[in-house]
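# Notes for the structure review
The lines below spell out each chain.
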Amino acid sequence: MAEYSEEVSKLLESGAKSYAAKEYEEAVNHYGEACQVYSSDNEGKESPELLFLYGKALFQVAVSKNGIFGGNPDEAAALASNKEEKTEDASNRMFQFSEEVPLAEEEDDDEEEENQKEIEAKQQEESANDDDKEEDKDEEEKEEEQSDFEIAWEILDLARSLYEQSLPETPLDKIPGDAENSKDPIVVTKIKLSDIHDLLGEISLETENFKQASEDFQSLLKIREELFPFESNLISEAHYKLSLALEFNFADEESKKKAIEHL
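Residues numbered from 1 in each chain as written. Predicted model: local features only at pLDDT ≥ 70, side-chain atom pairs only at ≥ 80, totals over all residues. Heavy atoms only, no water.

If you check an unreviewed UniProt entry, the protein chain appears there as Tetratricopeptide SHNi-TPR domain-containing protein from Wickerhamomyces anomalus.

## Focus: helix H3 (residues 48-65)
So the rule is basically this: By definition, any uninterrupted DSSP run of H or I lasting at least four residues is a helix, any uninterrupted run of E lasting at least two residues is a strand, and each is numbered from the N terminus. A helix is expected to reach a length of 1.5 Å times the quantity of its residues less one. Here the term buried applies to any residue with accessible area under 20% of the maximum for its type, exposed to any over 50%, and partly exposed to those in between, with areas from a 1.4 Å probe on protein chains only.
Over its 18 residues, H3 extends 26 Å from the first C-alpha to the last, a length consistent with the 26 Å expected when each residue adds 1.5 Å. Burial runs high along H3: 14 of the 18 residues are buried.

## Things to note about unusual backbone geometry
Positioned with a positive phi, lysine 22 is a non-glycine residue whose angle comes to about 60°. Look at glutamate 208: it is not a glycine, yet its phi comes out positive at around 60°. Relative to the assigned elements, glutamate 208 resides in the loop between helix H6 (185-206) and helix H7 (210-227).

## Let's talk about the UniProt feature "domain: Tetratricopeptide SHNi-TPR" (unreviewed entry) in the protein chain
The cut-off we apply is this: UniProt positions are given in the numbering used here, feature names are shortened, and annotations may be inferred rather than shown by experiment.
In this numbering, the UniProt entry assigns the feature "domain: Tetratricopeptide SHNi-TPR" (unreviewed entry) to residues 194-231. Span residues 194-231 is 82% helix and 0% strand, its end C-alpha atoms 17 Å apart.

## With respect to helix H8 (residues 233-247)
Note the cut-off: Any pair of N or O atoms that falls within 3.5 Å is considered a polar contact. Within protein, one atom must be able to donate a hydrogen and the other to accept it, and sequence-neighbouring residues count only if both atoms are side-chain atoms.
The end-to-end C-alpha distance of H8 is 21 Å, a good match for the 21 Å that 15 residues give at a rise of 1.5 Å each. Among the residues of H8, Ile235, Ala238, His239, Lys241, Leu242, Ser243, Ala245 and Leu246 are the ones counted as buried. Of the residues that open H8, the one with a side-chain oxygen 3.1 Å from the backbone nitrogen of leucine 234 is serine 232.

## Digging into the packing of helix H2 (residues 24-41) against H3
Here is the rule: Only the stretch in contact is used when fitting a helix axis, every axis being a line fitted to C-alpha atoms; angles between N-to-C directions are given from 0 to 180 degrees. Here the word oblique covers every angle except those under 35 degrees (roughly parallel), over 145 (roughly antiparallel) and from 65 to 115 (roughly perpendicular). Crossing handedness: left-handed means the near helix sits turned counterclockwise from the far one by under a right angle, and right-handed means the same turn made clockwise. In what follows, residue pairs with any heavy atoms lying within 4.5 Å of each other are defined as contacts. Classification convention: Asp, Glu, Lys, Arg as charged; Ala, Val, Leu, Ile, Met, Phe, Trp, Tyr, Cys, Pro as nonpolar; all other residues, Gly among them, as polar.
Running from N to C, H2 and H3 cross one another at 155°; their axes reach a closest spacing of 9 Å. One finds that H2 runs roughly antiparallel with respect to H3. As for how H2 packs across H3, the hand of that crossing is left-handed. On H3, the residues touching Tyr24, Glu25, Ala27, Val28, Tyr31, Gly32, Ala34, Cys35 and Tyr38 of H2 are Leu50, Leu51, Leu53, Tyr54, Ala57, Leu58, Gln60, Val61 and Lys65. Grouping the amino acids of the contact of H2 with H3 by side-chain chemistry returns 14 nonpolar, two polar and two charged.

## Here we look at the side chain of serine 182
Structurally, serine 182 can be placed in the loop between helix H5 (109-165) and H6. Engagement of the side chain of serine 182 in a polar contact is seen with the backbone nitrogen of aspartate 184, the distance being 3.1 Å. Look past the residues within four positions of serine 182 in its chain and what remains in contact with it is Val187 and Val188.

## Thoughts on a nonpolar patch on the surface
Using the following cut-off: Patch definition: residues with relative accessible area over 30% and no salt bridge; like charges joined within 9 Å; nonpolar side chains (Val, Leu, Ile, Met, Phe, Trp, Tyr) joined within 5 Å. Each accessible area value is a Shrake-Rupley result obtained with a 1.4 Å probe; residue values ignore everything except the protein chains displayed when judging cover. We define a salt bridge as a side-chain nitrogen of Lys or Arg found within 4 Å of a carboxyl oxygen belonging to Asp or Glu.
A contiguous nonpolar patch, built from Tyr240, Ile260 and Leu263 and spanning about 400 Å² of accessible area, is present on the exposed surface. Within the element layout of this structure, leucine 263 appears in the segment after helix H9 (255-261). What makes leucine 263 exposed here is its relative accessible area of 74%.

## Description of the pattern of salt bridges
Tallied over the full model, the rule gives 11 salt bridges. Measuring nitrogen to oxygen at the nearest pair gives 3.6 Å for the salt bridge that ties glutamate 13 to lysine 17. Residue glutamate 13 and its partner lysine 17 are located together in helix H1 (residues 6-20), separated by four residues, close to a single helical turn. Salt bridges here are not isolated pairs; linked through shared partners, they connect Asp198, Glu202, Arg224, Glu237 and Lys241.

Structure, rendered in structure tokens:
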């Protein structure tokens, strides 16, 4: 790990504690501030390591807000309860309306049918309004989730670019014996790059950008093949993720065939 100022180090420590406690929004605040302080202290330069930590925490925040993977069950229950209350209120209002305007026994069938239609139309209108409000809220939440994912992707992509600039263009001569515990700066940087491509691919999957996910997981696989032996679980995992992204990349007609090759 690079050497940082005392202020940045304290922010990193706080960020790590928050992240470990799954308090991801707090971690984002600490890591984001660490990036700002570092940049201010170093004439605008960015630290790819700090950006990676910041982007990783942002990704977790985005996932935690995603209704599929990290939705809050209490919030879901509250929404369901509110919807039931609205339905009950609408039913009560309809019942009260019926009491206030009782139909006389002598009214003919046509008038009774007309009143019933008016009641049903009013009920449908209220229900439609409630549904519209729920849809608007869902759309706002979706946009917020997309925004979180996009910010995380941009931060991580910047970290990727900075790491790549520090690497020589030639690949490693041979697979290191124990890459994960290596002290070789090139190996260490490549491992960090593989972690970044892994997260970039995950973000692209979440946002259904399968073409980009395919590219990120392809890069992940390429780097891991330089670092780990063929039988490594990390290689198998990279193949699986790449096949998943390719399978859903409908824009490429050859994508499904390519996906099969990685299974």
